[in-house]
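# Chains, contacts and geometry: an overview
Here is how the chains run, residue by residue.
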Amino acid sequence: MTASAGAEARPRVGHIQFLNCLPLYWGLVHSGALLDIELTKDTPDRLNEALVAGELDIGPISLVEYLRHADDLVVLPDLAVGADGPVLSVVLSSAVPLDDVRTVALGSTSRTSVLLARMLLEERHGLRPTYLTMPPDLPSMLREADAAVVIGDVALRATYDAERGGTGHPLGLIDLSAAWREWSGLPMVFAVWAARKSFAQRHPGTVKEVHDAFRSGLDLALRDVDQVATRAARFEVFDPATLARYFTTLDFRLGEWQQAGIRAFAEKAARRGDVPPLRAMTFAEV
Ligand SMILES: C=C(O[C@@H]1C=C(C(=O)O)C=C[C@H]1O)C(=O)O
């Protein structure tokens with residue numbers, strides 16, 4: 001027997017290799033949907049580039065990169081990485097008081113959070129620091145600059161250390177999602193999931209299947225969040241309670257409230273000239 005003629009290739013799907021997307025991965029494993037996709041795990045910056053370059057068909061994309069390429073993409077409904085208040089894993093860590101910050105190292109894996117940090121420092125605090133981009137290693141960043149912006153597991157670790165260190169902890173820490181919430185009154189969306197428009201036009205059924213798998217897998221993982229956290233803690237430096245708190249602090253939804261947050265962020269970013277104005281978000285038909 002030969003392979004069936006006309007068999008379609010699996011869709012090439014991106015996955016953020018941070019703990020923030022572990023619930024999503026759990027869901028894909030447990031539903032069996034992982035067998036139907038070709039999954040590429042990587043950091044957000046590299047996944048952004050791969051989706052825009054057409055090396056991936058569907059994947060997460062930093063909000064800022066989505067805003068830059070919105071015309072070529074369709075957004076998967078009701079799926080995002082965000083938070084309505086503190087997020088625990090997007091932080092500005094500083095060795096000096098905020099008003100004395102003159103240099104800021106920006107972690108190279110982020111696109112949204114580093115722009116958010118610049119907005120807050122410049123527009124909320126009236127600072128004009130100089131920036132450098134560096135690999136996301138907090139000690140080396142703080143050797144080069146007064147403050148550092150990191151995301152993902154490195155940032156979650158920094159939050160965890162600061163909480164355990166209490167008042168004796170040597171570094172100042174600002175949760176940038178909490179700061180955005182105070183400043184704008186709205187939730188923060190760091191990344192959305194999107195498909196390339198040309199792919200969605202050719203394979204609408206596949207986009208729907210992948211979206212269904214993500215959404216139902218995520219619901220499953222969040223229903224069993226204590227179990228997911230206990231399993232993950234076997235291989236991670238965080239304890240189950242910290243992980244369960246993290247997974248439930250993150251907001252994976254993309255409803256009206258989260259979209260209001262996106263519009264406010266997009267307007268501010270466009271006013272600064274960092275992204276083109278957002279006309280409308282085009283959603284995939286699922
Ligand atoms: C909340 C997070 O959201 C992330 C932040 C991103 C960015 O700043 O560009 C991109 C993807 C998300 O992983 C995190 O990484 O901790």
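None of the values given here were measured: they were computed from a predicted structure.

Turning next to the pattern of salt bridges. Throughout the structure, instances matching the rule amount to 17 salt bridges. Arg196 is paired through a salt bridge with Asp57; the nearest N and O atoms lie 3.1 Å apart. In this pair, Arg196 is assigned in strand S10 (residues 188-196) and Asp57 in the loop between helix H2 (44-53) and strand S3 (58-62), connecting sequence segments 139 residues apart. Note on Arg196: relative accessible area 14%, which makes it buried.

Before going further, it helps to spend a moment on the domain arrangement of the chain. Taken as a whole, the chain is organised into domain 1 (12-82 + 189-272) and domain 2 (90-184). Computed over C-alpha atoms only, the centres of domain 1 and domain 2 are separated by 23 Å. Each partner contributes residues to the interface: domain 1 has 26 residues there, and domain 2 has 23 residues. Roughly 2,200 Å² of surface becomes buried between domain 1 and domain 2 when both sides are summed, with 65% attributable to carbon and sulfur atoms. A per-residue breakdown of the area domain 1 buries against domain 2 is headed by Phe190, Phe265 and Arg272, which together make up 31% of the total.

Let's shift gears to the site of the ligand. Taken together, 18 residues sit near the ligand, with Ser62, Ser89, Ser110, Arg111 and Ser113 positioned nearest. The separation between an oxygen atom of the ligand and a polar side-chain atom of Asn20 is 3.0 Å. At 2.7 Å from an oxygen atom of the ligand is found a side-chain nitrogen or oxygen belonging to Ser62. For the ligand, the accessible surface in isolation is 380 Å², of which the surrounding protein chains cover 100%. Sorting the residues of the shell around the ligand by element identifies helix H4 (112-124) and S10 as the ones contributing at least two each. Residues lining the shell around the ligand come from more than one domain, with at least three contributed by each of domain 1 (12-82 + 189-272) and domain 2 (90-184).

Next up on the list: the side chain of Asp42. Of note, Asp42 is situated in strand S2 (residues 38-42). A relative accessible area of 17% places Asp42 in the buried class. A polar contact of 2.9 Å, which involves the side chain of Asp42, links it to the side chain of Arg46.

Strands sit in the order S7-S6-S8-S5-S9 across an open sheet of five strands; the sheet is mixed. In this open sheet, the two strands that pair with only one neighbour each are strand S7 (130-134) and strand S9 (172-175). On average, each strand axis in the sheet is tilted by 20 degrees relative to the strand beside it, whichever way the strands run. Most of the contacts of helix H6 (residues 152-165) go to strand S8 (residues 147-151), to which it runs at about 120 degrees, and overall it touches strand S5 (90-94), S8 and S9.

Moving on, we come to the nonpolar core. By size, the foremost hydrophobic cluster in this structure holds 91 residues, and its most contacted members are Tyr66, Phe214 and Phe265. Shared between two domains, this core holds at least three residues of each, these being domain 1 (12-82 + 189-272) and domain 2 (90-184). When neighbours within four sequence positions are excluded, Phe214 is seen to be in contact with Val13, Leu24, Leu28, Leu76, Leu79 and Trp193. Of all hydrophobic cores here, the second largest spans eleven residues; its members include Val91, Met134, Leu142 and Ala155.

Right, let's talk about the packing of H4 against helix H12 (residues 256-271) for a bit. The N-to-C vectors of H4 and H12 enclose an angle of 70 degrees; their axes lie 11 Å apart at closest approach. As far as their axial angle goes, H12 and H4 are roughly perpendicular. By crossing handedness, the relation of H4 to H12 is classed as left-handed. Contact residues: Thr112, Leu115, Leu116 and Met119 in H4; Phe265, Lys268 and Ala269 in H12. Split by residue class, the contact of H4 with H12 holds five nonpolar, one polar and one charged.

Across its 20 residues, helix H9 (residues 204-223) extends 29 Å between first and last C-alpha, which sits within 8% of the 28 Å expected from 1.5 Å per residue. Among the residues of H9, Thr206, Val207, Val210, His211, Ala213, Phe214, Arg215, Gly217, Leu218 and Ala221 are the ones counted as buried.

What follows covers the pairing of S8. Extensive coverage of S8 is indicated by the burial of five of its five residues. Neither face of S8 is exposed, since Ala147, Val149 and Ile151 on one face and Ala148 and Val150 on the opposite face are all buried. Bridging between S5 and S8 involves five bridges; their strand directions are antiparallel. Paired with Val90 across the strands is Ile151, a residue of S8. Alignment of strand S6 (residues 103-107) against S8, held across three bridges, turns out to be parallel. By the bridge assignment for S8, Leu106 is matched with Val149.

The rules behind each value
Residues numbered from 1 in each chain as written. Predicted model: local features only at pLDDT ≥ 70, side-chain atom pairs only at ≥ 80, totals over all residues. Heavy atoms only, no water. Salt bridge = Lys/Arg side-chain N within 4 Å of Asp/Glu carboxyl O. Helix = DSSP H or I, 4+ residues; strand = E, 2+ residues; numbered from the N terminus. Buried < 20%, exposed > 50% of the residue type's maximum accessible area, 1.4 Å probe, protein only. Domains from an automatic or database assignment. Contact = heavy atoms within 4.5 Å. Buried area = accessible area lost by both parts, 1.4 Å probe. Near = heavy atom within 4 Å. Polar contact = N/O pair within 3.5 Å; in protein donor to acceptor, adjacent residues only side chain to side chain. Areas by Shrake-Rupley, 256 points an atom, 1.4 Å probe, with all protein chains shown as cover. Pairing = 2+ DSSP bridges. Axes fitted to C-alpha atoms, helices over the stretch in contact; angles between N-to-C directions. Core = buried A, V, L, I, M, F, W, Y, C linked by side-chain atoms within 4.5 Å. Parallel < 35°, antiparallel > 145°, perpendicular 65-115°, else oblique. Left-handed = near helix turned anticlockwise from the far one by under 90°. Nonpolar A, V, L, I, M, F, W, Y, C, P; charged D, E, K, R; others polar. Expected span 1.5 Å × (residues − 1).

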